[in-house]
Amino acid sequence: MKPVVIKAEGISKSYNLSRSLLSGVQHELGAVDPRILQKAYGSGDKITALSDISFEVRQGEVIGVIGRNGAGKTTLLKTLAGITKPTSGYAEISGQMAAILEIGMGFHSDLTGMENIFFNGKLMGMSKNDIRRQIDNIIDFSGVSEFINVPVKYYSKGMYARLAFAVVAHLSADIILLDEVFLFGDVDFKKASFQRINQLISEGRTLMIVTHNLNELVSVCSRVFILRNGEIIADGHPEQIIPQYVEEVFSSIHKKNKNIRGFHDRLKEWETSDSPGNDTVRVRRLSVKRSEGDHDGTITNSDAIDICFTFEKLLPVSNYDFGFLLKDSGDNPVFGSTTMQCDKSVMENSTGVFTATGTIPGNLLNSGTFFLHFLIIEKSLNQVNLLPEGLFFKVELNDSLSKEIASSRFIGPLRPGLQWKISNEK
Amino acid sequence: MQTRRITPNSDKISTGLGELFSSLPLLFAFARRDIKIKYAQTYMGIFWSVFQPISALVIVSLFFGKLIHLDSGETPYPVFSFCGMLGWFYFVYLAGHSGLSLVTQQDIVRKASFPKIVLPFSKAISGLLDYGIWFVILIILLIVYGFEFKFRMFLFPAFFMINIIAGLAVGIWVAALSVRYRDLYQIVPYLIGMSIFVTPVVYPVETVSGWMRYVLYLNPMSGVLEGYRWTLLGTQIPSSNFLLGFGLLLILFITGLIFFKRTENKIADLI
């Protein structure tokens, strides 16, 4: 087994928000026991950012840290990096560590790309020789070699980000902590960054990455921490952890307010009075269910799924179509489908309540949480109306499959059951 | 493999100088960056750094020397006052810039992990370029006015060191306090500027008498400038009373380092 390189033991961190002159002086002199202060000023002045965090990271592990805003992700990184001190507990770091809370740290707009590389590299703990050895690689990677002796204020935002990430990508540290560094850049650059990160991983570096983009995370991490209110509430393989995270985020949103963000759990019905729609068509009901089953119960990846769109036609017109757009938990479209190709004779030139059911075949979707956006298409006006409200549902792996894939990793929103054939080539 | 331990704030008293010495490359990187930024996008670059001391020399010599007739004894007044300004302007630069170094670079302070004491100390290096230019002009003046080489000139670096420590002592205290009390940002540059009145920059110590003389003795920069003039210009050897100011300075410097170290762990949380 590889050696432990980061060991955190009971790390807690709280901030004292009291700004009074007196408490400030007392704090700086360190003369007063914080418990007395807490009594005097009330615990309302204290914010707990991390509470009792313990874990061990072994060499070569790639940890993803996810959690909602304010969960303590950045504070955890800052504490491990020694930028801020824990209130209690300790951490032991073996090996050289670099913490990247921001790419392009210390970049100055008046300095040239080259000058910024050197300063930025040193700030992140590289020695002059390290930088000299890597300088050609850094410039190559950044793709701004023509402008390397031009002040960075003349760079485009993309060039600036590429140069900044290039230094990070060539750090010599054994342990690298990254905080939300994939925010910039075009597709090509993102691809290059991921290649580079994979390369760092294959070199046996230990990485800890804080990010919001769940899909990117799955593809590189070997282990994921979920933080909530300063605690690690889950720690494990991303395949198991990420569905749990999405569930946790959406169930808490769901509890708070049924209409927040407009997504409902598998079923939504409207009274006639407040249903969405226009003078011709009104939406009555949206639902997701297993084709062989009801609205409750787990949907697994081998189940066929019915997407049902119930609406009332108030006028006997024939120029309407219905459909949906399926997105994954990272808000990336998976596919869309409409009634355009289907036989609509039953509803043509008549009024009444109808249900359009689209069936997603079994063995198509991967496990995960999916979001449905519903569409009403007015053909005569060439207009597509997206309903403000939608549904979400969760697909879980059925047991036989999940055992089978335990050794390998499937990435992406789809896991189609393809036809395979093995033939003998002679 | 070295193992680093991250623990809550300890009550151990430390000056943090060990950390400083292990981060010297970063200190020089900060200083180089300061100098490069200073001359970025200027057309005449270093010319301005030469123009400043020469204009100061001319203005002060004319105003205090010819107009007000400040008596500098046997020493020609331009050399006398220039020697004072050499040390005093360096002190002003160092105290002001190192004092505000944490606040002006708060982006880096908040996000990078390095011993923060590097920042105020780096200003001692970045200030050296200007100091060097002033010094070269002073040497030229000494030659022009026919000063001869004396062995006591070898004592000059000792006073130069005290000059650095004086600037840093003020700077480190201000830096540590400014993290919490941003008010200092407003008042400190002004106060440092006003200190020229209690420092014998353009006037000799002898013109001050009575209890006011003791204010000068307690001001370490007075001793530094007297030392400069003694070693370079051959004026009277500084009174031993100036040791009072140097003693005070030493206390201020060491307590400043300790205080800075104590605050350092909270800097990222507070700034």
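In what follows, the structure referred to is the one given above.
Figured I'd write up the structure that's included with this text. All values derive from a computational prediction rather than experimental measurement.

Looking only at helices and strands, one finds 10 helices and 19 strands in chain A. Classification of the 426 residues of chain A by burial places 47% in the buried group. Look at the contacts in chain A between residues 6 or more apart in sequence, and 71% of them connect residues 24 or more apart. Per element, the accessible surface of chain A, about 20700 Å² overall, is 50% carbon and sulfur.

Bringing a nonpolar patch on the surface into the picture now. All names here are of chain B. Taken together, Ile46, Val50, Ile54, Val58, Ile59, Leu62, Phe63, Leu67, Ile68 and Leu129 make up a surface patch of nonpolar side chains, about 880 Å² in accessible area. It is helix α3 (residues 46-67) that provides the largest number of residues to the nonpolar patch, a total of eight residues. Looking at the element boundaries, Ile59 is found in helix α3. We classify Ile59 as exposed; its relative accessible area is 55%.

Before going further, it helps to examine the pairing of strand β4 (residues 88-94) of chain A. Pairing of strand β1 (residues 4-16) of chain A with β4(A), which is carried by five bridges, proceeds in the antiparallel orientation. From the neighbouring strand, Ser12(A) faces β4(A), where its bridge partner is Ser88(A). Across four bridges, β4(A) lies against strand β1 (residues 3-6) of chain B in antiparallel orientation. Residue Ala91(A) lies in a different strand from β1(B), and its bridge partner there is Ile6(B).

Another aspect to go through is helix α4 (residues 113-123) of chain A. Residue pairs spaced three or four apart in an α-helix point in one direction, given the helix's 3.6 residues per turn. For α4(A), the tally of buried residues reaches eight of 11 residues, placing the bulk of the element in the interior. Looking at α4(A), one finds that the buried residues are Gly113(A), Asn116(A), Ile117(A), Phe119(A), Asn120(A), Gly121(A), Lys122(A) and Leu123(A). For α4(A), the secondary structure elements touched by its buried residues are α5 (128-142) and α6 (157-169) of chain A together with α2 (24-39) and α6 (106-111) of chain B. Within two residues after α4(A), Gly125(A) carries a phi angle of roughly 95 degrees, on the positive side.

As a further point, take the packing of helix α4 (residues 77-99) of chain B against helix α12 (residues 220-233) of chain B. In a packed pair of helices, the relevant descriptors are the angle between the two axes and the axis-to-axis distance. All names here are of chain B. Following both chains from N to C, one finds α4 and α12 inclined at 135 degrees, their axes separated by 9 Å at the closest point. The angle between α4 and α12 places the two elements in the oblique class. Crossing angle aside, the handedness with which α4 passes α12 is right-handed. Residues Val79, Phe80, Ser81, Cys83, Gly84, Leu86, Gly87, Trp88 and Phe91 of α4 touch α12, and the partners they reach there are Met221, Leu225, Tyr228, Arg229, Leu232 and Leu233. Tallied by class, residues from the contact of α4 with α12 come to 11 nonpolar, three polar and one charged.

Residue and element names in this part refer to chain A. Helix length check: helix α7 (residues 187-202), at 16 residues, gives a terminal C-alpha distance of 22 Å against a target of 22 Å (1.5 Å per residue), a fit within 8%. If you check which residues of α7 are buried, you get Phe189, Ser193, Phe194, Arg196, Ile197, Leu200 and Ile201. Buried residues of α7, viewed axially, fall in a sector of 160 degrees; they line one side. Set apart from the buried face of α7 by more than 90 degrees, the exposed residues are Val187, Asp188, Lys191, Gln195 and Ser202.

Let's shift gears to the sheet that holds strand β12 (residues 281-290) of chain A. All names here are of chain A. An order of β11-β12-β14-β17 is seen for the four strands of this open sheet, with the pairing classed as antiparallel. Taken across any chain shown, the strands that pair with only one partner, and hence form the sheet edges, are β11 (267-269) and β17 (352-360). Adjacent strand axes in the sheet meet at a mean angle of 20 degrees when their direction is disregarded. The pairing of strand β14 (residues 305-313) with β17 spans nine bridges and is antiparallel. In the sheet register, Ile305 faces β17, and the bridge partner there is Ile360.

A few words on the interface of chain A and chain B. In this complex, chain A contributes 43 residues to the contact, which on the side of chain B involves 37 residues. With both chains or domains summed, chain A and chain B bury close to 3700 Å², and 55% of this area falls on carbon and sulfur atoms. For the pair chain A and chain B, the number of links is three salt bridges. Glu115(A) serves as the salt-bridge partner of Lys36(B), at 3.9 Å between the closest nitrogen and oxygen. Our count for the chain A to chain B interface comes out at seven residue pairs in polar contact (both at pLDDT 80 or more). Of all elements in the fold, only β1, α1 (21-29), α3 (73-81), β4 and α4 of chain A reach the threshold of two or more residues within the side of chain A that touches chain B.

This next bit is on the packing of aromatic side chains. All names here are of chain B. Here the structure, examined in full by the defined rule, presents 35 aromatic pairs over all chains. Their ring planes at 70 degrees and their centres at 5.1 Å tell us that Phe47 and Trp48 sit as a pair that is edge-to-face. Judged by its relative accessible area of 38%, Trp48 is partly exposed. Three or more aromatic residues joined by ring pairs make a cluster, and in this case those are Tyr90, Tyr131, Phe135, Phe156, Phe160 and Tyr228.

Residues and elements named next belong to chain B. For the pair α2 and helix α7 (residues 118-126), interaxial distance at closest approach is 8 Å and the crossing angle is 55 degrees. What the angle tells us is that α2 and α7 run oblique. Helix-helix and strand crossings are classified by hand; for α2 and α7 the assignment is right-handed. Facing α2, whose interface residues are Leu26, Leu27, Phe28, Phe30, Ala31, Asp34 and Ile35, α7 presents Val118, Leu119, Phe121, Ser122, Lys123, Ile125 and Ser126. When the residues that make up the contact of α2 with α7 are grouped by side-chain class, the tally is 10 nonpolar, two polar and two charged.

Here the focus is the pattern of salt bridges. Pairing between side chains of opposite charge can happen when the charged atoms of each approach one another. All names here are of chain A. Taken as a whole and assessed by the stated rule, the structure comprises 22 salt bridges over all chains. Taking the shortest distance from any N to any O, the salt bridge between Glu56 and Lys7 comes out at 3.6 Å. Remark: Lys7 occurs in strand β1 and Glu56 occurs in strand β2 (residues 46-58); sequence separation between them is 49 residues. Salt bridges here are not isolated pairs; linked through shared partners, they connect Lys7, Glu9 and Glu56.

Both trends apply: most residues other than glycine have a negative phi, and most peptide bonds are in trans. Residue and element names in this part refer to chain A. Look at Asn229: it is not a glycine, yet its phi comes out positive at around 45 degrees. Inspection of the secondary structure puts Asn229 in the loop between β8 (223-228) and β9 (231-236). The exposed category is assigned to Asn229, whose relative accessible area is 58%. A positive phi angle, close to 55 degrees, is found at Asn349, a residue other than glycine. Position of Asn349 among the secondary structure elements: in the loop between β16 (333-338) and β17.

The sheet built from four strands is open, its strands ordered β2(A)-β1(A)-β4(A)-β1(B) with antiparallel pairing. What marks the edges here is a single partner per strand, and that holds for β2 of chain A together with β1 of chain B. Across this sheet, the average inter-strand angle for adjacent strands is 15 degrees, counted without regard to direction. Strand contacts of α3(A): β1, β2 and β4 of chain A together with β1 of chain B, with the helix running at about 65 degrees to β2(A), the strand carrying the most contacts.

Let us look at the side chain of Lys122(A). You can see Lys122(A) is positioned in helix α4. One buried charged residue, Lys122(A), remains without a salt bridge, the closest side chain of opposite sign being Asp130(A) at 11 Å. Those residues in contact with Lys122(A) that sit more than four places away from it in its chain are Lys128(A), Ile131(A), Pro25(B), Leu26(B) and Ala29(B).

Basis of the calculations
Residues numbered from 1 in each chain as written. Chains lettered and ligands numbered in written order. Predicted model: local features only at pLDDT ≥ 70, side-chain atom pairs only at ≥ 80, totals over all residues. Heavy atoms only, no water. Helix = DSSP H or I, 4+ residues; strand = E, 2+ residues; numbered from the N terminus. Buried < 20%, exposed > 50% of the residue type's maximum accessible area, 1.4 Å probe, protein only. Contact = heavy atoms within 4.5 Å. Areas by Shrake-Rupley, 256 points an atom, 1.4 Å probe, with all protein chains shown as cover. Patch = residues over 30% accessible without salt bridge, like charges linked within 9 Å, V, L, I, M, F, W, Y side chains within 5 Å. Salt bridge = Lys/Arg side-chain N within 4 Å of Asp/Glu carboxyl O. Pairing = 2+ DSSP bridges. Axes fitted to C-alpha atoms, helices over the stretch in contact; angles between N-to-C directions. Parallel < 35°, antiparallel > 145°, perpendicular 65-115°, else oblique. Left-handed = near helix turned anticlockwise from the far one by under 90°. Nonpolar A, V, L, I, M, F, W, Y, C, P; charged D, E, K, R; others polar. Expected span 1.5 Å × (residues − 1). Arc of directions from axis to C-beta. Buried area = accessible area lost by both parts, 1.4 Å probe. Polar contact = N/O pair within 3.5 Å; in protein donor to acceptor, adjacent residues only side chain to side chain. Phe/Tyr/Trp six-rings, centres within 6.5 Å; stacked < 30°, edge-to-face > 60°. Lys, Arg positive; Asp, Glu negative; His and termini not counted.

In short, geometric facts, not functional conclusions.
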